[in-house]
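A closer look at the structure
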Amino acid sequence: MILTGPEIHRRVKAGEIEIEPFDPALLSPNSYDFHLGRSIGWYTEHRLDCARPNPFESHPIPSEGMLLTPDRIYLAATEERIGSDHFVPIIRARSSVARLGLFVHVTADLIDIGSHNRLTLQLHAVQPVKIYPGLRIGQVTFWAVQGDIVLYDGKYQGAEQAMPSQIHRDFEGR
C-alpha cells in the first residue's frame, strides 16, 4: 500500500518518516518531491571493475548549471535526508525531468527500510541536458510493509554525499 501525500505529512510529524528539510508544499497526492544536492561526481576511468574500488571525483554543481552528457553515469546526492524505519521509500524522477530524458536512479529505486541518508542518485542523460543545484529533480513514495521488519545496516548507511559503488567490498574475504 502506498501512502498518500496527507499521510506522508502525518507520518513525518509523527517521526515515522524522515525528510529533512521538510516542506509541506512539496507534497503531491501520493509522493514528496526532492531536490538535487549541490555536488556531483563521476568515475574517472572508462572501464569499471566490480572487484576493486573505482577512481571517483566529486565537484560542486555550478550555479549557472552543468551539462550532463550521455557517455557516463553521474552520482549526486539529494538535498534532503530521507529514510524510514516503518515504510519503504521508492524514488523516481519527476515526470517533467523524465520528459527531458534524464534518469535519476537508473535501476536502484528501492531504498531499504531503516536506511537514512542523503540518497545517492544515479543520473544518466539520454541526450545532453543541463542541471542546476537545488533542482526539484525527483519524488519519493512510501510503501507499507508486511512481515517482520529488519532494518538496513549496510555499507551506505548514513551517507551525507553521493557514494560511489561499494560492490568491491562484497569480494572481501574471498
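What you see is a predicted model; the values in this text were computed from it and never measured.

This part is about the environment of Asn-117. With respect to the secondary-structure elements, Asn-117 resides in strand S8 (residues 116–125). With sequence-adjacent residues up to four places away left out, Asn-117 is seen in contact with Glu-80, Arg-81, Ile-82, Tyr-156, Gln-157, Gly-158 and Ala-159. A polar atom in the side chain of Asn-117 sits 2.7 Å from the side chain of Ser-115.

The topology assignment puts Asn-54 in the loop between strand S2 (32–43) and strand S3 (56–60). Asn-54 sits in the buried class, given a relative accessible area of 17%. Looking at Asn-54, its side chain comes within polar contact range of the main-chain nitrogen of Asp-49, at 2.9 Å. Polar contacts involving the side chain of Asn-54 include one to the main-chain carbonyl oxygen of Arg-52, which spans 3.3 Å. Sequence-distant contacts of Asn-54, that is, excluding residues within four places in its chain, are made with Tyr-43, Arg-47, Leu-48 and Asp-49.

Okay, unusual backbone geometry next. Each neighbour pair has its own omega, and for Glu-20 with Pro-21 the value is 0°, a cis peptide bond. With respect to the helices and strands, Pro-21 occurs in the loop between strand S1 (18–20) and S2. Its identity as a non-glycine residue notwithstanding, Val-106 has a phi of 50°, on the positive side. Mapped onto the elements of the fold, Val-106 is located in the loop between strand S7 (102–103) and S8.

This paragraph deals with the layout of surface pockets. Computed from the structure, the largest pocket encloses a volume of approximately 680 Å³. Of the residues in the lining of the largest pocket, the class split is 17 nonpolar, eight polar and three charged.

One finds Ile-40, Leu-68, Leu-102, Leu-123, Ile-131, Ile-137 and Phe-142 to be the most contacted residues of the largest nonpolar core, which totals 33 residues. Contributing elements (two or more residues each) for this core: helix H1 (5–13), S2, strand S4 (66–68), strand S5 (74–83), strand S6 (87–93), S8, strand S9 (129–131) and strand S10 (136–144). The element contributing the most residues to this core is S2, with five residues.

Thresholds applied
- Residue numbering note: each chain is counted from 1, following its sequence as written.
- Confidence filtering applies because this is a predicted model: local features only for residues at pLDDT of at least 70, side-chain atom pairs given and counted only at 80 or more, and all residues used for totals across whole chains, interfaces and linings.
- Computation of side-chain values: all heavy atoms of the structure, hydrogens and water removed.
- Helix and strand assignments come from DSSP, with helices taken as H or I runs of at least 4 residues and strands as E runs of at least 2, each series counted from the N terminus.
- Only heavy atoms enter the contact rule, under which two residues are in contact if any of them lie within 4.5 Å.
- N or O atoms closer than or at 3.5 Å make up a polar contact, with two conditions inside protein: a donor-capable atom paired with an acceptor-capable one, and, for residues adjacent in sequence, both atoms drawn from side chains.
- When accessible area is computed with a 1.4 Å probe and restricted to protein chains, residues below 20% of their type maximum are described as buried, those above 50% as exposed, and intermediate ones as partly exposed.
- Buriedness for pockets is judged along seven lines, at least five of which must meet protein on both sides within 12 Å for an open set on the 1 Å grid over protein atoms alone, while cavities are sets there where a 1.4 Å probe fits but cannot get out, and lining residues have an atom within 4 Å of a point.
- Grid points are joined across faces, edges and corners, and a volume is the space filled by probe spheres set on the points.
- Each residue is assigned to one class: nonpolar for Ala, Val, Leu, Ile, Met, Phe, Trp, Tyr, Cys and Pro, charged for Asp, Glu, Lys and Arg, and polar for all the others, Gly among them.
- Here the nonpolar core consists of buried residues drawn from Ala, Val, Leu, Ile, Met, Phe, Trp, Tyr and Cys, with membership extended through side-chain atoms lying within 4.5 Å.

Remember that the coordinates give geometry; whether it matters functionally is a separate question.
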